Amino acid sequence: QVQLAESGGGSVQAGGSLRLSCVASGSNKNRNSMAWFRQVPGQVREGVAAIDTLGDSTYAPSVKGRFTISRDIAKNTLNLEMINLKVEDTAMYYCAAGWWVADKLADLEYDVWGQGTQVTVSS
């Protein structure tokens, strides 16, 4: 069983920065693709950024240029550096892992999920 544990969420003002981390543990923890998703209550879960073992990354248009995803395979860690945060970035952020992911920002492609970490951006 693979477990994912997120950390780093919090409350910041618009224009601020946060860094999220996700640590994978357990067996078969090195999935090919890992990603960050976010969800606001009552809304669909949105793919934010994804990265594969080759380091190729994909971003949602709404965060491109502001968010940077990175992965340390040796440390089983996934990070999301977020700068210039906007009020609309407020959401619960989830780490996810999957094997052969075709659509990297589609949540159905991922089979392991963390519990989430809350990010709140105020104006």
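Please refer to the structure higher up on the page.
The paragraphs below set out a description of the structure included in this document.

### A word on the pattern of salt bridges
Next, step 1: In total, this model carries seven salt bridges according to the counting rule given.
Next, step 2: The salt bridge involving D52 is made with K104; its shortest N-O contact spans 3.1 Å. Taken together, the positions of D52 in strand β5 (residues 46-52) and K104 in the loop between β9 (91-98) and β10 (112-113) put the pair 52 residues apart, joining distant regions of the chain. Accessibility assignment for this pair places D52 and K104 in one class, buried.
Next, step 3: The network of salt bridges with shared partners includes R38, E46, R66 and D89.

### Re unusual backbone geometry
Glycine aside, a negative phi is what most residues show, and trans is what most peptide bonds show.
Next, step 1: Positive phi, close to 55 degrees, is recorded for N76, a residue that is not glycine.
Next, step 2: Relative to the assigned elements, N76 resides in the loop between β7 (67-72) and β8 (77-82).
Next, step 3: Although it is not a glycine, N84 adopts a positive phi angle of roughly 50 degrees.
Next, step 4: You can call N84 partly exposed: its relative accessible area is 42%.

### A few points about the state of the cysteines
What we call a disulfide is simply a covalent bond connecting the sulfur atoms of a pair of cysteines.
Next, step 1: If you walk through the whole model with that rule in mind, you get one disulfide.
Next, step 2: The disulfide partner of C22 is C95, and the S-S distance across this bridge is 2.1 Å. An S-S torsion of about -75 degrees defines the bridge between C22 and C95 as left-handed. Of the two residues, C22 is situated in strand β3 (residues 18-26) and C95 in strand β9; the sequence distance between them amounts to 73 residues.
Next, step 3: Judged by its relative accessible area of 0%, C22 falls in the buried class.

### Let's talk about the sheet that holds strand β1 (residues 2-7)
Adjacent strands of a sheet pair through backbone hydrogen bonds, lying either parallel or antiparallel.
Next, step 1: Spatial ordering of the open sheet is given by β1-β3-β8-β7, a layout of four strands whose pairing is antiparallel. Pairing within the sheet leaves two strands with one partner each, and these edge strands are β1 and β7. Averaged over all pairs of adjacent strands, the angle between their axes in this sheet comes to 15 degrees, without regard to strand direction.
Next, step 2: Bridge analysis of β3 against β8 gives six bridges, and the strand direction is antiparallel. Bridged to L20 within β8 is L80.

### Some remarks on the nonpolar core
Next, step 1: Core analysis: the biggest nonpolar cluster contains 28 residues, and L4, W36, L80, M82 and Y93 have the highest contact counts within it.
Next, step 2: Those elements giving two or more residues to this core turn out to be β1, β3, β4 (33-39), β5, β7, β8, β9 and β11 (117-122).
Next, step 3: Apart from residues lying up to four places away in sequence, Y93 is in contact with E6, L20, W36, F37, R38, V48, F67, L80, M82, G116, T117 and V119.
Next, step 4: Residues F37, A96, V101 and Y110 belong to the second largest nonpolar core, which totals six residues.

So, how was this worked out
- Residues numbered from 1 in each chain as written.
- Predicted model: local features only at pLDDT ≥ 70, side-chain atom pairs only at ≥ 80, totals over all residues.
- Heavy atoms only, no water.
- Salt bridge = Lys/Arg side-chain N within 4 Å of Asp/Glu carboxyl O.
- Helix = DSSP H or I, 4+ residues; strand = E, 2+ residues; numbered from the N terminus.
- Buried < 20%, exposed > 50% of the residue type's maximum accessible area, 1.4 Å probe, protein only.
- Disulfide = S-S within 2.5 Å.
- Pairing = 2+ DSSP bridges.
- Axes fitted to C-alpha atoms, helices over the stretch in contact; angles between N-to-C directions.
- Core = buried A, V, L, I, M, F, W, Y, C linked by side-chain atoms within 4.5 Å.
- Contact = heavy atoms within 4.5 Å.

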